[in-house]
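# Observations on the model geometry
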Amino acid sequence: MPLVRGTTTADRRVPASNTYTLSHNHNVGADGYLFVVITCPFTDVSSVTYAGVAMTLVQRKTRANTGSYNTDWTVWRLAAPATGANNLVVRMVTSQFNGVSTFITSYTGCAGSGNIASNLTISSPVTTSVAIEQNSMIIGSAIGGNSLNLSMQIPTGTSLTLLYSHNANNWAFGSVSPSLGAGTISCRADSNGSTIMMLTEVREAPDAPVVNNTSGWWMILN
Amino acid sequence: MEYYIIDKLELIDGVLVHTSVGYLTSQEDVDAAPEITTQFEDWVGTNKGDLENGVLTVADYFNTYGPSYVCNTVTTDASNLTLITDTSILI
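Quick caveat, the model's predicted, so the values are computed rather than measured. Per chain, the residues get numbers from 1 upward, laid out in the order the sequence is written. As a convention, the first chain written is A and the first ligand written is 1, with the rest following in written order. Totals for whole chains, interfaces and linings use all residues, but because this is a predicted model, local features are given only for residues with pLDDT of at least 70 and pairs of side-chain atoms are given and counted only at 80 or more. Hydrogens and water are ignored here; the side-chain numbers use all heavy atoms of the structure.

Throughout, a contact is declared for two residues whenever any of their heavy atoms are within 4.5 Å. Taken together, the contact between chain A and chain B spans 17 residues of the former and 18 residues of the latter. Buried area, as used here, totals the accessible surface that two parts lose on assembly, with accessibility defined by a 1.4 Å probe and the loss added over both. When the two sides are added together, the surface that chain A and chain B hide from each other amounts to roughly 1400 Å², 47% of it contributed by carbon and sulfur. It is Arg13, Asn25 and Phe97 of chain A in chain A that bury the most area against chain B; as a group they hold 35% of the surface buried on that side. Salt bridges, as used here, are contacts in which a Lys or Arg side-chain nitrogen is within 4 Å of a carboxyl oxygen on Asp or Glu. Linking chain A to chain B there are one salt bridge. By the criterion applied in these results, polar contacts are pairs of N or O atoms within 3.5 Å in which, for protein atoms, one can donate a hydrogen and the other can accept it, and in which residues neighboring in sequence qualify only through two side-chain atoms. Joining chain A to chain B, the criterion identifies eleven residue pairs in polar contact (both at pLDDT 80 or more). In DSSP terms, a helix is any run of H or I states spanning at least four residues, a strand is any run of E spanning at least two, and both are numbered starting from the N terminus. Among the secondary structure elements, those contributing two or more residues to the side of chain A that touches chain B are strand S1 (4-13) and strand S2 (17-26) of chain A. For the side of chain A that touches chain B, the leading source of residues is S1 of chain A, giving eight residues. Taken together, the residues of the side of chain A that touches chain B break down into seven nonpolar, seven polar and three charged. Pairing of S1 of chain A with strand S3 (residues 68-75) of chain B involves three bridges; the strand directions are antiparallel. Considered in S3 of chain B, the bridge of Ala10 of chain A is made with Val74 of chain B. As a working rule, the residues Ala, Val, Leu, Ile, Met, Phe, Trp, Tyr, Cys and Pro are called nonpolar, Asp, Glu, Lys and Arg charged, and the rest polar, with Gly in that last group. Any two strands with at least two DSSP bridges between them are considered paired.

As structure tokens, then:
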């Protein structure tokens, strides 16, 4: 079954609380998966649920990792999420009075997350690469110093339409590649400010095994 | 197609609550609606230090200004909501 990206929700808000809730409509399809990228300055995300089910952390770049951006940067996943409009609830360690970016994508035909990569050495452009399997997609996320001339190239040389671009104290932006061939994929993010980058492979579910009905008892008729 | 979700922002029993009331279909429509504001966010930005130190709470905002309407979310599926054809109903 082919990997297909479904509904996308991009949210940027000042929670003024230690929790916030938003709705996302997960579309119907076999092998459904939900991925969430959260860019949270100055405090840490402690949990994420969708339709009341806890999501699993795929990767985290801590506030120490992100250096001067002082941002907790996380990717979460959930297999077989409830379909339809459901609440995503994000909890943080302390109340958040800055902008937080939340980027949600639904998939069908998905086997979950694969390899991850990042480049946290602040530069512009920033590049990194990730090894992926056949037909995987790549979620590319970046934090830049400002909102000017943002771009995400996956693979390098192929500019993608940004699917989110948010003021989260610094500037959070990103996109998702189409399905790509297997191999090591070089990726690039740009902004007019210094930038860091994080990649997450989204894998295609294997085809269902073909039932080969050649075993068992056979009767030959003449 | 992208849907710009409009939330009513209010304080209920001391909890900040976003309630989605419908959608618009462009950022231009959002910007053109005077009922949809960034007043709450602007107030938080101005008073961030006092909020972090507990000198102020978000209740102080709602006691002064009351509920407001905001647009935080853009999605590709808003089938659970309806198009807002007249933003003047957002009062």
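Additional details are given in the paragraphs that follow.
Okay, the sheet that holds strand S7 (residues 71-79) of chain A next. Read across the sheet, eight strands follow the order S6(A)-S7(A)-S3(A)-S9(A)-S1(A)-S3(B)-S1(B)-S2(B) without closing on themselves; strand pairing throughout is antiparallel. One side of each edge strand has no neighbouring strand; the edge strands of this open sheet are strand S6 (56-61) of chain A together with strand S2 (15-24) of chain B. Sheet twist, expressed as the average angle between the axes of neighbouring strands with direction ignored, equals 20°. As paired strands, strand S1 (residues 3-12) of chain B and S3 of chain B are joined by seven bridges and run antiparallel to one another. Bridging from a neighbouring strand, Ile6 of chain B pairs with Cys71 of chain B of S3 of chain B. Angular values range over 0 to 180 degrees, each being the angle between N-to-C directions of two axes fitted as lines to C-alpha atoms, with helices fitted over their stretch in contact. Here helix H4 (residues 58-65) of chain B sits on the sheet and contacts S1, S2 and S3 of chain B; the angle it forms with S1 of chain B, its principal contact strand, is near 95°.

What follows concerns helix H2 (residues 39-46) of chain B. The classification of residues rests on relative accessible area computed with a 1.4 Å probe and restricted to protein chains. Under 20% of the type maximum is buried, over 50% is exposed, and intermediate values are partly exposed. Among all positions of H2 of chain B, only Phe40, Trp43 and Val44 of chain B are buried. Across the axial projection of H2 of chain B, the buried residues extend over an arc of 100°, all falling on one side. It is the directions from the helix axis to the C-beta atoms that the arc portrays.

Time to look at the packing of H2 of chain B against H4 of chain B. All names here are of chain B. Where H2 contacts H4, the two axes come as close as 11 Å, and the packing angle between them is 135°. Taken together, the axes of H2 and H4 are oblique relative to one another. Along this stretch, H2 crosses H4, giving a crossing that reads as right-handed. Judged by residue contacts, Gln39, Phe40 and Trp43 of H2 engage Val58, Asp60, Tyr61, Phe62 and Tyr65 from H4. Among the residues making up the contact of H2 with H4, the classes are represented as six nonpolar, one polar and one charged. By definition in this entry, angles of less than 35 degrees are roughly parallel, angles greater than 145 are roughly antiparallel, angles of 65 to 115 are roughly perpendicular, and the rest are oblique. Note: crossing handedness is left-handed where the near helix turns anticlockwise from the far helix by less than a right angle, and right-handed where it turns clockwise.

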